[in-house]
Every structure is written in structure tokens, then in C-alpha cells.
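Understanding the architecture of this molecule
Listed below are the residues making up each chain.
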Amino acid sequence: GELERLTRRMQDFAKEHGEDKIQVHECTSAGHAQSLSAFRFAAAPAFRTYCVGKGMQGISIDYALPNSKGQVPPLVLDGNDKKEDIAVPLKRMRYSHFGCNVVHEDLAYGANVNVHQAKISLKRAVEHGSGGKLPSEHGHGHEYVAPPETQERWKKLDPLNVLNPGIGGLSQSYRYR
């Protein structure tokens, strides 16, 4: 099952990249599990604080990859990106939900980088290069345009557009006008 597949992937990663690149910590008590859970909520704010201190722009994203893939999505994908639009992050921190391929990634860019364009380029890389979805568990919000079928479902659920106007690239106007 899932645990065997995860163990195999971690062993393969360690063989390819070196044993020093991966550490496994087993939670053996409720206290350990609580500490690990707290890390999830402290990591992204700590990364943003680091970025501010270093004069960088930090962004946090989440995406889901297919079960057959777990690689870091490529930053350069295809002819849709102009060379000047490709922004290589200065730092990347990835953490994930083991066994389900949902990845949280914090990226740090230089002060003069258009981080919105960098995020859109990464979205294309995740979806077209890796076969995943960005965003995944934290929703589309006001940053991303939702797929048409998702927008139509939302319109049926909220025909007056009063629950969350402007989400997923939809109109902010009453009844979507």
C-alpha cells in the first residue's frame, strides 16, 4: 500500500541524491505528533519572516501531483513563458503530506521579480509539465482562475454571487453581471 510506496520512494531518493539528503523521524508519542503538526503552521510564516529579513519576496503555494510523480516541477516549461518572465527562486522549501502528493512550497525571489508572473509560470509547470493541480487544498481564492467547470458549479451553488464574489476569476458583481 501507501506506506510501502512511500518507503520505496524515500529509499530511491536517498540512493539518487545521497543518504544525507533525507531524514525520517517517526512520531512515537502524542507529543511528537503535536510538535510535527505545529511545524506545518510555523514553517510558512517563518519562511516569510526570513525573506523580509533578507530583502526577498516570499510566496507560499500548494499543489497536488499525480501518484506516479513526485518530482519538483520544472520552472521552465514550454513556449508560453518568455525567457524574461522566468524567475528562478533564490530559495525553495518543500514539505508535503506523505502518501497523498499534496506539496506545500515556499519560494523566495529577489526584490525586483514579478512574483505573480512567477506563480503563474509555476502553475503552468505543475499542471502541464507534471500533470498536477495548483492550487490544490487551499482553493483558488482571488489569485487563480478556476477551470470553467468549477466556475459553472459555483454559479449554480451561488446564483446571486453573494457568498464569495470574485473567487476563481469570476465577477465580483451581483449575479455575476
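Please refer to the structure placed before this passage.
What comes next concerns the included structure.

Criteria and cut-off values
- Residues numbered from 1 in each chain as written.
- Predicted model: local features only at pLDDT ≥ 70, side-chain atom pairs only at ≥ 80, totals over all residues.
- Heavy atoms only, no water.
- Phe/Tyr/Trp six-rings, centres within 6.5 Å; stacked < 30°, edge-to-face > 60°.
- Helix = DSSP H or I, 4+ residues; strand = E, 2+ residues; numbered from the N terminus.
- Buried < 20%, exposed > 50% of the residue type's maximum accessible area, 1.4 Å probe, protein only.
- Lys NZ or Arg CZ within 6 Å of the ring centre and 35° of its normal.
- Core = buried A, V, L, I, M, F, W, Y, C linked by side-chain atoms within 4.5 Å.
- Contact = heavy atoms within 4.5 Å.
- Patch = residues over 30% accessible without salt bridge, like charges linked within 9 Å, V, L, I, M, F, W, Y side chains within 5 Å.
- Areas by Shrake-Rupley, 256 points an atom, 1.4 Å probe, with all protein chains shown as cover.
- Salt bridge = Lys/Arg side-chain N within 4 Å of Asp/Glu carboxyl O.

We now examine the packing of aromatic side chains. Considering all chains together, one arrives at 2 aromatic pairs under this definition. Ring geometry for Phe39 versus Tyr95: centroids 6.0 Å apart, planes at 75°, classification edge-to-face. Here Tyr95 lies in strand E2 (residues 91–97) and Phe39 lies in helix H2 (residues 30–54), a separation of 56 residues in the sequence. Look at Phe39 and you get partly exposed, because its relative accessible area is 42%. A ring pair is formed by Phe47 and Tyr50, whose centres lie 6.3 Å apart and whose planes are at 40°; its orientation type is tilted. Of this pair, Phe47 and Tyr50 are both found in helix H2, 3 residues apart, which corresponds to roughly one turn of the helix. Sitting over the ring of Tyr176, Lys155 keeps its end group 5.7 Å from the ring centre.

Here the focus is the pairing of strand E3 (residues 102–109). Of all 8 residues that make up E3, 8 are buried, and the element is covered over most of its length. Judged by which residues are buried, E3 turns out to be covered on both faces: Val102, His104, Asp106 and Ala108 on one side and Val103, Glu105, Leu107 and Tyr109 on the other are all buried.

With that settled, the discussion passes to the nonpolar core. Formed by 15 residues in total, the largest nonpolar core has its most connected members in Ile61, Tyr63, Leu107, Tyr109, Leu122, Val126 and Leu134. Discounting chain neighbours no more than four positions away, the residues touching Ile61 are Val103, His104, Glu105, Leu107, Lys119, Leu122, Leu134 and Tyr144.

As for its position among the elements, His25 is in the loop between helix H1 (2–17) and H2. C-alpha of His25 to C-alpha of Leu36: the two residues are 11 residues apart in sequence and 9.7 Å apart in space.

Turning next to a nonpolar patch on the surface. Taken together, the side chains of Leu160, Val162, Leu163 and Tyr174 make up a nonpolar region of the molecular surface, amounting to roughly 410 Å² of accessible area. Position of Tyr174 among the secondary structure elements: in the segment after helix H4 (148–157).

As a further point, take the pattern of salt bridges. Applying the stated criterion to the full structure yields 4 salt bridges. Residue Glu105 is joined to Arg92 by a salt bridge in which the shortest nitrogen-to-oxygen separation is 2.4 Å. Placement of Glu105 in strand E3 and of Arg92 in strand E2 is noted, with a sequence separation of 13 residues between them. Overall, the relative accessible area of 0% leaves Glu105 in the buried class. Notably, a salt bridge pairs Lys155 with Glu152, separated by 3.7 Å at the nearest N-O pair. With a gap of 3 residues between them, Lys155 and Glu152 both fall in helix H4, about one helical turn apart. Judged by its relative accessible area of 41%, Glu152 falls in the partly exposed class. Through salt bridges with shared partners, a single network forms among Arg92, Arg94 and Glu105.

Considering the arrangement of structural elements, one finds Gln151 in helix H4. The exposure class assigned to Gln151 is buried, which follows from its relative accessible area of 15%. The residues touching Gln151, leaving out its near neighbours within four places in the chain, are Val145, Ala146, Gly168, Gly169 and Leu170.

We now examine unusual backbone geometry. A cis amide bond links Leu134 with the next residue in sequence, Pro135, at an omega value of 0°. Secondary-structure assignment places Pro135 in the loop between helix H3 (115–129) and H4. One non-glycine residue, Asn161, lies in the positive phi region at around 60°. Tracing the chain through its elements places Asn161 in the segment after H4.

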